[in-house]
Each structure stands twice: as C-alpha cells, then as structure tokens.
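# Working through the structure, step by step
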Amino acid sequence: MTTTAQAIDRFIAEHLPATLETVKRLCAQPSVSARHEGIDDCASLVAEILQEHGFEAQIFQTAGHPIVVGTARGKAGRTLLFYNHYDVQPPEPLELWTAPPFQPEIRDGALYARGAKDDKGEFIARLAAVDAVRAANGGQLPCNVTFVVEGEEEIGSQHFAEFVLAHTDLLAAQGAIWEEGGINVRGEPTCWLGPRGLLYVELAVETMRRDAHSGGAHVLPNAAWRLLRALMTLKDEQEQILIPGFYDDALPMGERALSLIKEFYDDGAAEESNRTTYGVDRFVNGLTGLAWTEAVYRPTCNIAGLTAGYQGPGSKTVIPARASVKIDFRLVPNQDPRDILAKLRAHLDQQGFADVTVTQLGGAGFPYTQDPDHPLIQLNLRTGKEVYGVAGRVVPLIGGTSPVYAIARPLGNIPVISPGVGYWDNKTHAPDEHVRVTDFQNAARHIGRILDEFADL
C-alpha cells in the first residue's frame, strides 16, 4: 500500500521539471527592492502563481512595496502560515556572474539566477509541497494554508510588522514556516529557534562646504579623519562595544541554549567550512572550537561600508569634505534596536561628536527565540530525519536577522520553523546564486510531510 508520504514524494518527482520552470519564470522577473526595480510586476506575478496553485490571492499596497497574501481552505480549522519574500538583492557585480542574473539556467544539477535560493526558489518549493499534499489527500488540503509574501525583506521589512498588526485576522495561524532553511555542511537539516535582531544606521559628517586641495591639510578639517575618530569610540580591539548601556538588556546564553549547542556541536565542521570559504586563517579574538559556535550570543557592531574622498583610479590630492559609514548592529534576545539607536546617539554626543549625524536605514529588527520542545519543532525534526536520513541539528540562535518577531508575537507567540532548499554554499546575495535541484526536491518533500501532519498537532 502506498503511504501518504510516498504519494507526496512521487507527485513532487513527477512534476519537478514543470516546477523548476516556474522557478525560472519567477526568477526571470527582476525585483530589486533596493532600487524598486520590477517590484510591482513581481508582486503581480506572485499573485498569479498563487492563483495557479489554487489560492485566493490579494495584493495589498503599503507605504512601501506591495504585500501578497494567498489563502486556501483545508479540512481542519488549523492554519499553517508560510512567510516568503519576492524581493531580491542587487545582482552586482554583474561581471562575476557566469550567466546574466535574470536569465535563469540549469547547469551541473543546479538552477542559477538571482533569487534562485533567496527567496523565490524557497517560495516555489513550498507551493510544490502544497500541490503534492493536496493530491495525496484526494484533492483537499488537511488544514488551511496562508502565504504572506512581502517585497521589502532585503531592505529591512520596513512596513511588514505594521501590515501584520493591521491584518491579524487574515493571517491568524497556529504555526509558521519561515522564508528559508536547509542543510549544513554535514548534510543535516538545521532547525533554528530564532534570529538575532538588527539595527542598521548610516553615520555621516561634513566638515567643509566642498572638497579642498590637500595642500591645505595643515589647516582644513578632513571629514574622513573626523569620522574615523568617531568610529574608534564605538568598539575596542577585543570587539567589545563601548556604547554605555549597550549590553544592559542582553540576555546571556542560558543553560538550555548552551546544552543544545553542546549537544549538536559539529566538531568544528562549520568553523572549517567558513575558514575555507572565506580564506580566513584566524577568526575574531582567535575564536575556535565550541567558543566559535557560542559567539553568536555576542552582539556585534559591523562596518558594512565606508565612503570618503576620491576612490577612482590613480591619485587625486584632495581633502574630503564629507564622509559616511554604514554600520549594522546584530542584537541578541531582549535587546531593543530602538533603545540601541538612542544610546548610540547619546554616546556620540557625549564623546564630542554631535556633528556626526545618525540615520536609521530600514526597519527595526527585533531578536526572537522559542521553545525547542514545541510539537511543531519536534515534527520538523522528525520529518527532516525521514527525508534526509540523518537527525536534524537544533541551532538556538542564528547570526542573521529576519522579521520572525513581526509574525510570531502578534499572532500569539506561534512557533516558527525553517525547513528549506539551502545548503552552505548557495552564494546567497552573491554572483552565481543558485539552488541545487536535489535540495529543492528534498525541501518540498520535507515541507509536504510537515503540512500533511500539521492538522493533528
């Protein structure tokens, strides 16, 4: 007798070529949120694809980019919510792509395109799972399914939290599957319990009306030096952040998180993968071993970009009148990005840098964490082992940020899981972004099993 899981797997396999064509179709539509390139057309395409897969689709206009919601009714009253985003990162530098980023192609067992992994491939893999579960259950879903697909994730989800608060009835659910996930360097499906928070700011200073000849450097103020001196007050050489009160609300790792890190420690596999991928001989503060993994519980202050003066070919003897730097702070549970922003401003003022402006870029990203023993998280781990043949690895906190809090909290602190199509080298946000076909298929199989059993939790 064919089991439901086998029927789901067979359906996904039989329809895989057509499903990959849908991924290519969506990836071929540019949707670069940083410059509003193709955003409205992509939102319309997402709604169209949802309708093709049996969903009622609505496009909601926001103060920023449109949000698409798709709903489908099932036999049970419970609802599983899928969060995805249709916007992508800018594809530059274009010369490093093997093929043009918005001309998807399959080669060497992988589909290459901007958005193939983040997040268009993830979105279509979930629709493939929905189709398979519907077919395996006589044409009806075992529970309600809602998709919410936003267009500002890559620029901080600036209007998403506000949208959720205004549409809690429409988005009401008992659990959610987040935008991305996948397997680690050992081929184990990962199950993270929450992301760090994020505050992204630009600091800028202007010391003169215009750039000047560097022959006047003995009397004229240099904006680059001014900004560098301000930056040196933010962090010491041991990566300790010097803003007064910065660590006041940061929760320590905790015994449960520490036990999970020790239980699922990968004997340095991830550390070695990072060492190889990035060509790093020594990590920050010489971190290695278990301490390398535990370091995710340390908030960070990172320079993402620094601009001043002339940076073209050759030389130009100039004193820059303006300098700016983009900084991201990754925050741990209980830290509030709004509080950190206020403390940053107060610190600069106290240090004598009132002339350095602080501009927040993107929305505030709050950290989030959850109970590893929740039945949905355990279902994720069990079904992941069925698909991948190895036990999943629980990650208490991931280094990145995603607006999990914006859904989980307003909807009643619902559990959020993250099965997905990824592996450790998808080149997400980089040239030659891709998704491996096998990973795509396995993610659909995994999500199909979760959806099939969700109504009975």
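Below you will find a few notes about this structure. (Residues numbered from 1 in each chain as written. Predicted model: local features only at pLDDT ≥ 70, side-chain atom pairs only at ≥ 80, totals over all residues. Heavy atoms only, no water.)

### Things to note about the sheet that holds strand 4 (residues 105-107)
Keep this limit in mind: Strand pairing follows a simple DSSP-based rule, namely that at least 2 bridges must link the two strands. Numbering of helices and strands runs from the N terminus; a helix is a DSSP stretch of H or I covering at least four residues, while a strand is a stretch of E covering at least two. With axes taken as lines fitted to C-alpha atoms, and helix axes fitted only over the stretch in contact, angles between N-to-C directions fall between 0 and 180 degrees.
Pairing in this open sheet of 3 strands is antiparallel, and the strands run 4-5-17 from one edge to the other. Taken across any chain shown, the strands that pair with only one partner, and hence form the sheet edges, are strand 4 and strand 17 (434-436). The average angle at which neighbouring strand axes cross in this sheet is 25°, direction not considered. Summarising the sheet, strand 4 and strand 5 (residues 110-112) pair through 3 bridges and their orientation is antiparallel.

### A closer look at helix 2 (residues 16-27)
Here is the rule: Given the number of residues in a helix, its expected span is that number minus one, multiplied by 1.5 Å. Think of it in three bands: with a 1.4 Å probe and only protein chains considered, a residue is buried below 20% of the maximum accessible area for its type, exposed above 50%, and partly exposed in between. Of all possible arcs, the one meant is that of the directions from the helix axis to the C-beta atoms.
The terminal C-alpha atoms of helix 2, which comprises 12 residues, lie 16 Å apart, in line with the 16 Å expected from a rise of 1.5 Å per residue. What helix 2 keeps buried is the set Leu16, Thr19, Leu20, Thr22, Val23, Leu26 and Cys27. Down the axis, helix 2 shows its buried residues gathered within 150° of arc, on one side only.

### Let's talk about the pattern of salt bridges
Under the convention used in this document: By salt bridge we mean one thing: a side-chain nitrogen of Lys or Arg within 4 Å of a carboxyl oxygen of Asp or Glu.
Across all of its chains, the model carries 29 salt bridges by this definition. Aspartate 328 is paired through a salt bridge with arginine 330; the nearest N and O atoms lie 3.9 Å apart. Among the ionic contacts, a cluster of salt bridges with common partners joins Asp9, Arg382, Glu386, Arg445, Arg449 and Glu453.

### Considering the packing of aromatic side chains
Where we set the bar: In this analysis, rings of Phe, Tyr and Trp, with Trp reduced to its six-membered ring, are considered paired at centre separations within 6.5 Å, and the interplanar angle assigns stacked below 30 degrees, edge-to-face beyond 60, and tilted for intermediate values.
For the structure on display, the rule yields 11 aromatic pairs. Ring geometry for phenylalanine 55 against phenylalanine 147: centres 5.3 Å apart, planes inclined by 85°, an arrangement best described as edge-to-face. Pair noted here: phenylalanine 55 is in the loop between helix 3 (39-52) and strand 1 (56-60) and phenylalanine 147 is in strand 6 (residues 144-150), with a separation of 92 residues, a long-range link. For the pair phenylalanine 55 and phenylalanine 147, a shared accessibility class is recorded, and that class is buried. When the centroid spacing of 4.7 Å and the interplanar angle of 10° are considered together, the rings of phenylalanine 82 and phenylalanine 147 count as stacked. Taken as a pair, phenylalanine 82 in strand 3 (residues 79-85) and phenylalanine 147 in strand 6 lie far apart in primary sequence, 65 residues in all. Here phenylalanine 82 matches phenylalanine 147 in class, with each residue buried. Among the aromatic residues, those joined into a ring-pair cluster are Phe55, Phe82, Phe123 and Phe147.

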